[in-house]
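# A closer look at the structure
Letter by letter, the chains look like this.
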Amino acid sequence: MLDKIPVQALGCLRPGIIMIIAFPGVGMVDGGLPMELPTKMIPAELRMPNSEFIIVRNRQGGELTQVLLKE
């Protein structure tokens, strides 16, 4: 089973890594859950701060499988 998680890009704080906020506006005083993703996983047009998109996660293995545009 797959989970679709809404995220917002925070920025590139380390080379090759993009910091994102999963579930922005929910939890942690409306701040969401901070996560890091490899830069190569995110399309170039979605790497800018405040870009919003969806990551798809495999519920069994917990691995992130793809990035989708937010509808």
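In case you missed it, the structure is sitting above this.
Residues numbered from 1 in each chain as written. Predicted model: local features only at pLDDT ≥ 70, side-chain atom pairs only at ≥ 80, totals over all residues. Heavy atoms only, no water.

### Digging into the environment of Arg47
- By the secondary structure assignment, Arg47 is in the loop between β3 (33-38) and β4 (52-58).
- Given the relative accessible area of 30%, Arg47 is considered partly exposed.
- In this structure Arg47 touches Ala9, Ile18, Thr39, Lys40 and Ile42, once residues within four positions along its chain are discounted.
- At 2.8 Å, the side chain of Arg47 and the backbone oxygen of Ile42 are in polar contact. (Helix = DSSP H or I, 4+ residues; strand = E, 2+ residues; numbered from the N terminus. Buried < 20%, exposed > 50% of the residue type's maximum accessible area, 1.4 Å probe, protein only. Contact = heavy atoms within 4.5 Å. Polar contact = N/O pair within 3.5 Å; in protein donor to acceptor, adjacent residues only side chain to side chain.)

### Looking at the nonpolar core
- One finds Ile5, Val7, Ala9, Ile18, Ile20, Ala22, Leu37, Ile42, Leu46, Phe53, Ile55 and Val67 forming the largest nonpolar core, which totals 12 residues.
- Contributing elements (two or more residues each) for this core: β1 (2-14), β2 (17-22) and β4.
- Apart from residues no more than four positions distant in its own chain, Phe53 is found in contact with Ile5, Pro6, Val7, Ala9, Ile20, Ile42, Leu46, Val67, Leu68 and Lys70. (Core = buried A, V, L, I, M, F, W, Y, C linked by side-chain atoms within 4.5 Å.)

### Some points on unusual backbone geometry
- Even without being glycine, Asn50 reaches a positive phi, approximately 75 degrees.
- Its relative accessible area of 56% is what places Asn50 among the exposed residues.

### A word on the pattern of salt bridges
- Evaluation of the coordinates by the stated rule reveals four salt bridges.
- Arg59 is paired through a salt bridge with Asp3; the nearest N and O atoms lie 2.5 Å apart. One end of the pair, Arg59, is in the loop between β4 and β5 (64-69); the other, Asp3, is in strand β1, with 56 residues separating them in the sequence.
- Among the ionic pairs, Lys70 bridges to Glu52, the shortest N-O distance being 3.0 Å. One end of the pair, Lys70, is in the segment after β5; the other, Glu52, is in strand β4, and 18 residues separate them in sequence. (Salt bridge = Lys/Arg side-chain N within 4 Å of Asp/Glu carboxyl O.)

### Some remarks on the pairing of β4
- Relative to β4, β1 is paired through seven bridges, and the arrangement is antiparallel. Each residue of the ladder has a partner; that of Asp3, found in β4, is Arg57.
- In this structure, β4 lies alongside β5, joined through five bridges in antiparallel fashion. By the bridge assignment for β5, Ile55 is matched with Val67. (Pairing = 2+ DSSP bridges.)

### Notes on the sheet that holds β5
- On the basis of which strands lie adjacent, the open sheet formed by five strands has the order β3-β2-β1-β4-β5 and antiparallel pairing. Where the open sheet ends on each side, the last strands, each with one partner, are β3 and β5. Here the strands of the sheet are splayed against their neighbours by 40 degrees on average, with no regard to which way each runs. (Axes fitted to C-alpha atoms, helices over the stretch in contact; angles between N-to-C directions.)

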